[in-house]
Amino acid sequence: DTEVTQTPKHLVMGMTNKKSLKCEQHMGHRAMYWYKQKAKKPPELMFVYSYEKLSINESVPSRFSPECPNSSLLNLHLHALQPEDSALYLCASSQGSRNILGYTFGSGTRLTVV
Amino acid sequence: AQRVTQPEKLLSVFKGAPVELKCNYSYSGSPELFWYVQYSRQRLQLLLRHISRESIKGFTADLNKGETSFHLKKPFAQEEDSAMYYCAPHRPMFSGGYNKLIFGAGTRLAVHP
């Protein structure tokens, strides 16, 4: 398995809802990442997990809460989002902290906040 | 400041023409450099990494440390090359040794028949 799988592919949520995005990989990668991509913009890093520990939080608002239950799974819990949080959320993984082989990206979850 | 610059938002060429997508970086130390490609309605995928000195789909990229550039080149563009291309340095994070992959603004390549 050489893929990163993200679910759901599309999500519409209200500003008072709580939802979660899921990401899974079975490549034995020990680093996982969340990125946010707005339309016609490059992906922006949100969080980095390495060996299941949060190592980087790029000053992301607390309404986004990441979780790494094990080395294969990465979740992003969403609560009280704003319409401007609507974007494509990308998950990625890589072999380790010093990554020279590049990242593998999922196809993303397209989130719409209404 | 550490940053990566892709000066062209859009590069429009005809099929068979040469292509050069520019990327300049300013980072202390020696970043690892990558090109990623995003075809329409497809996931972001790795195209090239400077450490491998490889050619993928006819594309090559040479790291020029003197000019701090990592331009992407292809001698004869094909219509299927139309996509968004991102230059992406790995920023070494000395605290904990974790790298961050940061993307340039991207260049949209449009290859016309």
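Side note on the side chain of Gln25(A)
Residues and elements named next belong to chain A.
In step 1: Inspection of the secondary structure puts Gln25 in strand 3 (residues 18–25).
In step 2: Taking relative accessible area as the criterion, Gln25 reaches 1% and is therefore assigned buried.
In step 3: A polar contact is formed between the side chain of Gln25 and the backbone oxygen of Ser71, at a distance of 3.0 Å.
In step 4: Setting aside residues no more than four positions away along its own chain, Gln25 makes contact with Glu3, Val4, Met32, Ser71, Ser72 and Ser93.

Description of the state of the cysteines
Residue and element names in this part refer to chain B.
In step 1: For the coordinates displayed, the defined rule picks out 2 disulfides over all chains.
In step 2: The side chain of Cys23 participates in a disulfide bridge whose partner is Cys87; the two sulfur atoms lie 2.0 Å from each other. Judged by the torsion about the S-S bond (-60 degrees), the Cys23/Cys87 disulfide is left-handed. Residue Cys23 is found in the loop between strand 3 (19–21) and strand 4 (24–26), and its partner Cys87 is found in strand 9 (residues 83–91); the two are separated by 64 residues along the sequence.
In step 3: Take Cys23: its relative accessible area is 0%, and that puts it in the buried class.

Side note on the sheet that holds strand 8 (residues 73–79) of chain A
Residue and element names in this part refer to chain A.
In step 1: Sheet architecture is open: 4 strands sit in the order 1-3-8-7, paired in antiparallel fashion. Every other strand in the sheet has two partners, leaving strand 1 (4–7) and strand 7 (64–70) as the edge strands with one partner each. On average, adjacent strands in this sheet sit at an angle of 20 degrees to one another, irrespective of strand direction.
In step 2: Pairing between strand 7 and strand 8: 5 bridges, direction antiparallel. Across the sheet, residue Phe64 finds its bridge partner in strand 8, namely Leu78.

A short note on unusual backbone geometry
All names here are of chain A.
In step 1: Omega for the peptide link from Thr7 to Pro8 comes to -10 degrees, which places this bond in the cis form.
In step 2: Tracing the chain through its elements places Pro8 in the loop between strand 1 and strand 2 (10–13).
In step 3: Positive phi is not limited to glycine here, since Ala80 has a value of about 55 degrees.

The rules behind these values
- Residues numbered from 1 in each chain as written.
- Chains lettered and ligands numbered in written order.
- Predicted model: local features only at pLDDT ≥ 70, side-chain atom pairs only at ≥ 80, totals over all residues.
- Heavy atoms only, no water.
- Helix = DSSP H or I, 4+ residues; strand = E, 2+ residues; numbered from the N terminus.
- Buried < 20%, exposed > 50% of the residue type's maximum accessible area, 1.4 Å probe, protein only.
- Polar contact = N/O pair within 3.5 Å; in protein donor to acceptor, adjacent residues only side chain to side chain.
- Contact = heavy atoms within 4.5 Å.
- Disulfide = S-S within 2.5 Å.
- Pairing = 2+ DSSP bridges.
- Axes fitted to C-alpha atoms, helices over the stretch in contact; angles between N-to-C directions.

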